[in-house]
Every structure is written in C-alpha cells, then in structure tokens.
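What the coordinates show
So you can see what is in the structure, the chains are spelled out below.
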Amino acid sequence: TVLYVGRFSMEKGIDVVAKIAEKVLSSDKEIKFIAVASETNVPSMGKVMEKFKELSEKYPERFIWIKKEVSREEIAQLYKKATICIQPSRYDSCPLCVIEAMACGKTVIGSSRGGIPEIIDKAGIVIPFDSNLFSKKILELIKNYRLRERYGRRALERSKLFNWDEVALKTLNIYK
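Our subject in this report is the structure included herewith.

What counts, and where the lines are drawn
- Residues numbered from 1 in each chain as written.
- Predicted model: local features only at pLDDT ≥ 70, side-chain atom pairs only at ≥ 80, totals over all residues.
- Heavy atoms only, no water.
- Patch = residues over 30% accessible without salt bridge, like charges linked within 9 Å, V, L, I, M, F, W, Y side chains within 5 Å.
- Areas by Shrake-Rupley, 256 points an atom, 1.4 Å probe, with all protein chains shown as cover.
- Salt bridge = Lys/Arg side-chain N within 4 Å of Asp/Glu carboxyl O.
- Lys, Arg positive; Asp, Glu negative; His and termini not counted.
- Charge placed at Lys NZ, Arg CZ, Asp CG, Glu CD.
- Helix = DSSP H or I, 4+ residues; strand = E, 2+ residues; numbered from the N terminus.
- Buried < 20%, exposed > 50% of the residue type's maximum accessible area, 1.4 Å probe, protein only.
- Polar contact = N/O pair within 3.5 Å; in protein donor to acceptor, adjacent residues only side chain to side chain.
- Contact = heavy atoms within 4.5 Å.
- Pairing = 2+ DSSP bridges.
- Axes fitted to C-alpha atoms, helices over the stretch in contact; angles between N-to-C directions.
- Left-handed = near helix turned anticlockwise from the far one by under 90°.
- 1 Å grid on protein atoms, 1.4 Å probe; cavity = no way out; pocket = protein on both sides within 12 Å on 5 of 7 lines; lining within 4 Å.
- Points joined across faces, edges and corners; volume = space filled by probe spheres on them.
- Nonpolar A, V, L, I, M, F, W, Y, C, P; charged D, E, K, R; others polar.
- Phe/Tyr/Trp six-rings, centres within 6.5 Å; stacked < 30°, edge-to-face > 60°.
- Lys NZ or Arg CZ within 6 Å of the ring centre and 35° of its normal.

**Quick look at a positive patch on the surface**
Together, Lys122, Arg150, Arg153 and Arg154 make up a region of like positive charge exposed at the surface. Among the secondary structure elements, Arg154 is positioned in helix H7 (residues 145-159). For Arg154, a relative accessible area of 38% translates into the label partly exposed.

**Some details on the side chain of Ser111**
Here Ser111 lies in strand E5 (residues 107-111). A polar side-chain atom of Ser111 sits 2.5 Å from the main-chain carbonyl oxygen of Ser89. Apart from the residues within four sequence positions on either side, Ser111 is in contact with Gln87, Pro88, Ser89, Ile116, Pro117, Val126, Ile127, Phe129 and Phe134.

**Let's talk about the sheet that holds strand E3 (residues 63-66)**
What links the strands of a sheet is backbone hydrogen bonding, and the strands pair in either a parallel or an antiparallel sense. With respect to topology, six strands assemble into an open sheet ordered E3-E2-E1-E4-E5-E6, the strand pairing being parallel. The sheet terminates laterally at E3 and strand E6 (125-127), the two strands that pair on one side only. Averaged over all pairs of adjacent strands, the angle between their axes in this sheet comes to 20 degrees, without regard to strand direction. Sheet analysis places strand E2 (residues 33-36) next to E3, joined by four bridges and oriented parallel. Across the sheet, the residue bridging to Ile34 is Ile64, located in E3. Packing of helix H1 (residues 14-27) onto the sheet brings it into contact with strand E1 (2-5), E2, E3 and strand E4 (84-87), and relative to E2 it is tilted by some 165 degrees.

**Side note on the packing of helix H4 (residues 96-103) against H7**
Axis angle and axis distance: for two packed helices, these are the angle between their axes and the distance between the axes, and together they describe the pair. Look at H4 against H7: their axes get within 7 Å of each other, and the N-to-C directions meet at 115 degrees. The handedness of the crossing between H4 and H7 comes out as left-handed. Taking contact as the criterion, the partners of Ile99, Met102 and Ala103 in H4 are, on H7, Ala155, Leu156, Arg158 and Ser159.

**Let's talk about the environment of Pro88**
One can find Pro88 in the loop between E4 and H4. Residues within four places of Pro88 in sequence aside, it is in contact with Tyr4, Lys12, Gly13, Val16, Val17, Ile20, Ser111, Phe129 and Phe134.

**A closer look at empty space enclosed by the protein**
Applying the stated criterion to the full structure yields one cavity of 30 Å³ or more. Empty space within the largest cavity amounts to approximately 40 Å³. As for the largest cavity, its lining consists of Leu3, Val5, Tyr79, Cys85, Ile86, Gln87, Cys97, Val98, Ala101 and Val108. Within the residue set of the lining of the largest cavity, elements represented by two or more residues are E1, E4 and H4. Counted by class, the lining of the largest cavity contains nine nonpolar, one polar and no charged residues.

**What about the packing of aromatic side chains?**
Working definition: an aromatic ring pair is given by the centre-to-centre distance plus the angle between the planes. Under the criterion given, the structure shown has five aromatic pairs. Among the aromatic residues, those joined into a cluster by ring pairs are Phe8, Phe33, Phe52, Phe63 and Trp65. A cation sits over an aromatic face here: Lys67 above Trp65, 4.6 Å from the ring centre.

Structure (structure tokens):
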C-alpha cells in the first residue's frame, strides 16, 4: 500500500499524486494506493478532482480516496498498514505527515523541495519533483523488502529528533 496524506492543493503536489497513482497502479496489479485528501471547493482544482474520481472508478478496490477528515486513530491505522508513504510537494516547510510516517517506521519518498529533504535526510528517499521518478522509486521499493526495512528503521530513529517537547525547549533556549 502506498499512502499519501495531505491537503488537496497544488502546493502539496496533489496533481502529481494522481499521475503517480495512475503509473503505479497500471504497472503493478497488487499495489493499493490510498490518498487522504479532503475535497476542496477551489474551482481550479476541478480537473484534479475529476482525475481522482476517474482513478476511483478505474481501480475501485485499489485506489482509495479518503475525502473526509480522519481521526488520529484512523490516520495511525493507515500509517500502520502502509508500505510506503509519499510527499511530492511543490513546497512544504515542515511536513508533519512525513514526520508521522517516519515515526511509524515507514519508508518515505519525498520531493526535494522546501523542508522535506532536511526532515527525511538519509532516513528515506528524496527525489526531484517528478511523477516518473516517484513511480519508479515506488515500484523499486515495493520489490525490495530489505531496503524498505532499512529505511523504516532509519526513519523511526530520525523521527525522534522532532519530539515537540525538545523542539519547544530548543526554541526557548534560542530566545534566551
């Protein structure tokens, strides 16, 4: 299962998520793709929403679009079931969903934009903002259990650096 969690917005690369899902689902008949992204009323997002609906119809059991807000418990279950988590943002200063996925020991693939590379570091895969590269890396990782496990262990360790109590204390010390 490939998981995307984020806003339904161009900044988060939601249009690229649809392209990635199409390529991955058409290449491997075993993969499921879950997108947790609330619908939006922004008119410019209409084409992307249509693409998501098309994917839901074309792959009814394999492309799951969760349009409603989910509870912490529900999102934790989704992370637990995921094999790979992706964040193909155009810009993202501090993507909490990446930290959450890493804290669950998941392999993360993120774009080389904003704060994503700094957060992931060597605990996942950072690649240029390109749907073909994302699809290729997903398909490679699906076949390589050992590499996913290695990234998952690194991710879990790295996520500990983003403990909010420690971040707050460090910020307070900077101001002192």
